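Structural description and commentary
The residues making up each chain are set out below.
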Amino acid sequence: MTFASPWFLLGLLGIAVPIYLHLYYRKTPVRKDFPSLRLIKLSVEFVARRRKMRNLLLMALRIITIILVVMALSKPFIGQSASARNSSDTPAAIVVLLDNSMSMGCTHQGISVFNTARGRALEILDQMQPGDRATVGLINDPGRLIFPQLTWDKDTLKKSISNVPLSMAGTSMASSILPGLKLLAPLKAYRRAIYVITDMTESSWQPFIDKYDLAKVEPGIDLIMVPVGGSAPDNMAITGLETEAPIIMTGRQIPVKITIANHSPRIRRSRVSVSINGERKIEEEIEVEANSVKDARIMATFAKTGMNHVSAAIQSDAMPFDDQRHLAVRVFEPCRVLLIKPDSMPGQPENREDTFVRFALNPLNRSKDNNFAVETRSTAEAKTAELKNFAAVCLINQRHLDAELIKRLSEYLMGGGNLITFMGNRVEPDWYNKHLIDDLGGSYLLPARIYKRVGNAVSRAVGYQMTDLDAGHPAFSIFARDGAGDPGRAQIFEFFQVRPNPTALLLARMSHGLPGIVEEKRGRGRSMLITFSADTSWTNWPVRPTWLPFLHQSLIAMITANELAIGTIRPGMPVSATITGEDARELMLKMPDNNRSKISVQTSAQGLVHLNTRDTEQTGYYEILTEGGNRVLSAFAVNPPAEESRLERINLRRIPRFIPLTHEAGRGQSVKEKVSLLRDGYDVSGAAMLALLLLAVIESWFANLPSARRVE
Amino acid sequence: MEKTRRLSRFLDPKLLAALSSMEIRARTVVEGMVEGLHKSPFKGFNVEFSEYRQYVPGDPLKDIDWKVYARTDKFYIKEHEEETNLSGYLVMDTSGSMSYKGQGSMSKIDYASTLAASLAYLMLKQQDSVGLVTFANGLRKMIRPRTGMAHLKAVCNELEATAASETTNIGASLDLVGQSMKKRGIFILFSDLMDNAEVIIQKLRQLRTRRHEIVLFHVLDRDEISFPFDDTTIFHDLEDESEIVTDAFQLRSEYLQRVRQLMNTFKSALRKSGIDYLIADTSMPLEANLRSFFSRRQAVSAR
């Protein structure tokens, strides 16, 4: 409680007067003879209790009367906020946090919720008094304070609020509320308050109140909730869009999975359409149960190689921004894989060590409609091969390689090619270490140095098994599911002991701990070393069912490793990628609204270009173009977070410490008045005067109650 | 008249002159020695048997008919009719409370004494016998009934000599008076009745059961009836000297209610028992009180 004229409170000393009168003041009694006190005593007993009560009541009434007089003169203000408990002369320090997350984009009674919120923020700022300081912040993911320090400049604050756009990002309460609290914490001489203007979606508030104990917020800081948007509208949203093929080849039908969420208490139907590069391809009717999620699978065929824009849409509703979702996919020509097998010895039958790899990559030996187009060449024939036309090259049990081929392999690998090296009885460790590692300097080919052979493939006395499979690597992740097979059941009878390079990944070990399969990122490409043979001479893995998926997954992972992690980018998140250095000086980013911006790039010594951009506020399909904008180097899609589509409101009672400031248009006090009341409290002097008047009447009536009639 | 005035300060010649035409008339049948004036079949011993009545405490044991007791195991008194003139007993409360004098000219005891002296004069004048009993906490003085105007002096002297003091014990005093009265007659009791009302009513009823005619003058000062006090007051009890401090203004309503209740209690209870109950307000002229007494007696006598 605060007082406009606190010096009047000294009048409370006047309370002593009725207390003195009650306790000490007695009229000097008159002595009077009376025939007998018999009846008087009986009457006194009856009257005394009533009189005592009456006197106490009268004293209480008079004390309250004095208090009310003093209160009325002191002009008291009361309020539930901490601000209202301060003196009315104390300046205020306030932080106005405006929720501009995607969920604010829906409409309530035909009015944009976000515009309503912006209006509330402006009204709150309007209540700034001379000497008050404030800042404004945004609640999205990641949220921030627009002005890191408090300012007196009300106009600038209001202008910044007016210019705030609706974000397509999610909501992170902590990222703006916590900096706000930190900013206000030292300003103890101010009346401090944080106003949070939000639609109060449960999906954004629940994690916040679960993680942070708001009850521990300094009591001197008011947390004021300004809810907007009314109750949650029914909403249907596309919350997922992905292709279910590990690699997409032109002309091949692949399933596109669309996840549709129905955030409403009734069954809803909608027409789902899928477009590829802006061209509507497929439509399907879908029905989703109340408050549930359903997946729809639509088969799609891609005709264009390179980056493709896939979008899915449902019919628009109260929240239009989540009714469409985008996906950037790279479509490949069937991947050409070059197998380089040992030359056949004169007079000997043709070397067939490539057989298991070739059949694994193309089991039906089809020339079309296969993911991999496999070509096999001998070491001599490989000299003339145009390596850049191949997605991957497999070296199988090579003794020596021509220096020219080694150089071209090195360039191929560093430029983005992929190399798989199988060991075998022809491999000479010293030659491999010297020519494929040491002589190449930083452009070496192998991920590990090779030492001696372990085991005996002739006697097959000991069969080693692979353990410690890296289930996080795409090559083995497929086997993590139950029933998907276990490469560890294959037996390896002989292999090379190797020592992986410091930056190499160990994908599998042998059962006694030595490395089995090693992979290393080399430039833009990848190099994998398999320490045993590609045929059944040293291992029975090629005849086991896990061989084929291992090879497929390994090659797809290597080929697609440089692609952006599509489908995981949220609005406002930074995007980093490394691409080929052909047009390395400057790149362009084409945004969903067709505007283009420059992307800063960094070129490494190996000629790799690292790009980094934060221009991802819009949702949709982004293309990374060459400097002239002629060629698409890569693309990615930005989609709103799925949880923003859940518009259910959290009950305000579940949020501790927050004082609600609700307002319904056209009813009750305005937002400005309510802000003023929260800040200064209610002026209760009028009420005190009214109570005083009432009490005076009661006191007068009570004091003159006809407990006895005066003598006429 | 002058002779009478000299006789006592309680005999007001004007008052007596106004009352000279009045007579003491018993309500129904009253004993009296002057024949024709009081036709009353008195139940005594030396004349014809009249009736049996049940023994009540206070009756002399010698009057009990032991033969009847032997037959019925109950005490009965055998009564006989007897011709007698009126014996009047003036019973005067002389407790401390009677000394109260409010804003009127007389204290309660003076007022009651004047009433008593006046009635004694009238009764003696018509050849009836008059006795006087004064009591407070117990009997203080008893003058047996006698006839003749010479007896008036003795009554008046005693009235003048008696000062109001002590507390009141009406019940015990009435018991003693009842036992000492040999002849039935008319009891005229002057008291402010500052004692337990139930006991007083019970004792008066007992007297009435023994065929005494009873008239009760409830002597009250105007202050006791209207309680005209407003201030915080120390009330001093004239009987037991106790004191009480109270806000008279707040007390007034409750007090007046109790006084009214007390008077109504006496009025209803005594009249049911055939006892005349008269309020003697000391602020009222004595003549008015006596006139109301006589008019009442005459009305009853005419029945």
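Remember, it's a predicted structure, so these values are computed and weren't measured experimentally.

A separate point is the overall build of chain A. What chain A contains, in helices and strands, is 13 helices and 36 strands. Counting the 712 residues in chain A, one finds 40% classified as buried. Considering only contacts in chain A between residues 6 or more positions apart, those separated by 24 or more positions represent 76%.

This next bit is on the overall build of chain B. Looking only at helices and strands, chain B features ten helices and ten strands. Counting only contacts in chain B whose residues sit at least 6 apart along the sequence, the fraction spanning at least 24 positions is 76%.

This part takes up the sheet that holds strand E9 (residues 243–247) of chain B. Sheets are built from strands paired through backbone hydrogen bonds, the pairs being either parallel or antiparallel. A sheet is described by the order of its strands in space; here three strands give the open sequence E2(A)-E8(B)-E9(B), paired in mixed fashion. Either end of the sheet is taken by a strand with one partner, and the two such strands are strand E2 (30–34) of chain A together with E9 of chain B. Here the strands of the sheet are splayed against their neighbours by 30 degrees on average, with no regard to which way each runs. The pairing of strand E8 (residues 232–237) of chain B with E9(B) spans five bridges and is classified as antiparallel. By the bridge assignment for E9(B), B:Thr233 is matched with B:Thr246.

All names here are of chain A. With burial as the criterion, only one face of strand E32 (residues 609–613) is covered, namely that bearing Val609, Leu611 and Thr613; the residues His610 and Asn612 on the opposite face remain uncovered. In the sheet, strand E31 (residues 596–603) pairs with E32 via four bridges, with the strands oriented antiparallel. What sits directly across from Gln602, in E32, is His610.

What follows is about the nonpolar core. If you look at the biggest cluster of nonpolar residues, it comprises 155 residues, and the most contacted ones within it are A:Val96, A:Ile194, A:Tyr195, A:Val337 and A:Cys394. The element best represented in this core is helix H11 (residues 547–560) of chain A, accounting for eight residues. Residue contacts for A:Val96: discarding those within four places in its chain leaves A:Ala121, A:Ile124, A:Leu125, A:Ala134, A:Val136 and A:Tyr195. In terms of nonpolar packing, the next biggest core, distinct from the first, is built from 73 residues, B:Phe187, B:Leu193, B:Ile200 and B:Ile214 among them.

Next up on the list: the packing of helix H1 (residues 16–23) of chain A against helix H2 (residues 38–74) of chain A. Residues and elements named next belong to chain A. Two elements in contact, H1 and H2, have axes separated by 8 Å at closest approach and are oriented at 165 degrees. Regarding the angle of H1 to H2, the classification is roughly antiparallel. Both H1 and H2 take part in a crossing whose hand is right-handed. Here Pro18, Ile19 and His22 of H1 lie close against H2, whose contacting residues are Asn55, Met59, Arg62 and Ile63.

Here we take up the pairing of strand E7 (residues 133–139) of chain A. For a regular strand, the rule is simple: side chains alternate between the two faces of the sheet. All names here are of chain A. Counting buried positions over the seven residues of E7 gives seven, a clear majority of the element. Bridging between strand E4 (residues 92–99) and E7 involves seven bridges; their strand directions are parallel. Each residue of the ladder has a partner; that of Val96, found in E7, is Val136. Note that E7 and strand E8 (residues 144–145) share two bridges and pair antiparallel. Bridged to Gly137 within E8 is Leu145. Count of turn residues in the E7/E8 antiparallel hairpin: four residues.

Once that is clear, we can look at the sheet that holds strand E15 (residues 279–288) of chain A. Residue and element names in this part refer to chain A. Read from one edge of the open sheet, five strands run E12-E18-E17-E14-E15, paired in mixed fashion. Both outer strands of the open sheet, strand E12 (248–249) and E15, are each paired with one neighbouring strand and no more. Bridge count between strand E14 (residues 268–276) and strand E17 (residues 306–313): four bridges; the pairing is antiparallel. Looking at the pairing, Val274 lines up with Ala312 of E17.

With that out of the way, let us pick up the interface of chain A and chain B. Taken together, the contact pairs 26 residues of chain A with 33 residues of chain B. When residues of the side of chain A that touches chain B are traced back to their parent elements, those giving at least two are E2 and H2 of chain A. Considering only residue class, the side of chain A that touches chain B consists of 13 nonpolar, three polar and ten charged. Bridge analysis of E2(A) against E8(B) gives five bridges, and the strand direction is parallel. For A:Asp33, the partnering residue across the bridge sits in E8(B) and is B:His236.

It is worth spelling out the packing of helix H3 (residues 113–126) of chain A against helix H4 (residues 154–163) of chain A at this point. Residues and elements named next belong to chain A. Two numbers describe how H3 lies on H4: the axes approach to 10 Å, and their chain directions differ by 175 degrees. The pairing of H3 with H4 is recorded here as roughly antiparallel in orientation. Residues Arg118, Ala121, Leu122 and Leu125 of H3 form the contact with H4, whose own contacting residues are Lys154, Leu157, Lys158 and Ile161.

With that settled, consider the environment of A:Leu12. Relative to the helices and strands, A:Leu12 is located in the loop between strand E1 (2–3) and H1. Sequence-wise, A:Leu12 and A:Ile67 are 55 residues apart; in three dimensions their C-alpha atoms are separated by 6.1 Å.

The topology assignment puts A:Lys294 in strand E16 (residues 292–301). Here the alpha-carbon distance between A:Lys294 and A:Thr239, two residues 55 residues apart in the chain, equals 9.9 Å.

Take helix H12 (residues 671–680) of chain A next. By the burial criterion, the buried members of H12(A) are A:Val671, A:Lys674, A:Val675, A:Leu678, A:Arg679 and A:Asp680. Looking one or two places after H12(A), you find A:Gly681, whose phi comes out positive at around 90 degrees.

All names here are of chain B. Taken residue by residue, chain B gives an average pLDDT of 79. The fraction at 70 or more is 81%. The secondary structure element of chain B with the lowest average pLDDT is helix H1 (residues 2–7), at 48, and the one with the highest is strand E4 (residues 129–135), at 91. Below a pLDDT of 50 lies the segment residues 1–5, which in the model reaches seven contacts outside its immediate sequence neighbourhood of four places, other chains included. Contacts from residues 25–47, a stretch scored under 50 in pLDDT, to residues over four places away or in other chains number 67 contacts. Taken over the whole predicted complex, pTM reads 0.57, whereas the ipTM for its chain interfaces reads 0.74.

Residues and elements named next belong to chain B. Checked against the element boundaries, Trp66 lands in helix H3 (residues 66–72). Accessibility expressed as a C-beta count within 10 Å gives 10 for Trp66, which makes it exposed. When the C-alpha atoms of Trp66 and Tyr76 are compared, they prove to be 8.0 Å apart, with ten residues separating the residues in sequence.

Scoring rules and cut-offs
Residues numbered from 1 in each chain as written. Chains lettered and ligands numbered in written order. Predicted model: local features only at pLDDT ≥ 70, side-chain atom pairs only at ≥ 80, totals over all residues. Helix = DSSP H or I, 4+ residues; strand = E, 2+ residues; numbered from the N terminus. Buried ≥ 20, exposed ≤ 12 C-beta atoms within 10 Å, placed from the backbone. Contact = placed C-beta atoms within 7 Å. Pairing = 2+ DSSP bridges. Axes fitted to C-alpha atoms, helices over the stretch in contact; angles between N-to-C directions. Core = buried A, V, L, I, M, F, W, Y, C linked by C-beta atoms within 7 Å. Parallel < 35°, antiparallel > 145°, perpendicular 65-115°, else oblique. Left-handed = near helix turned anticlockwise from the far one by under 90°. Nonpolar A, V, L, I, M, F, W, Y, C, P; charged D, E, K, R; others polar. pLDDT = per-residue confidence, 0-100.

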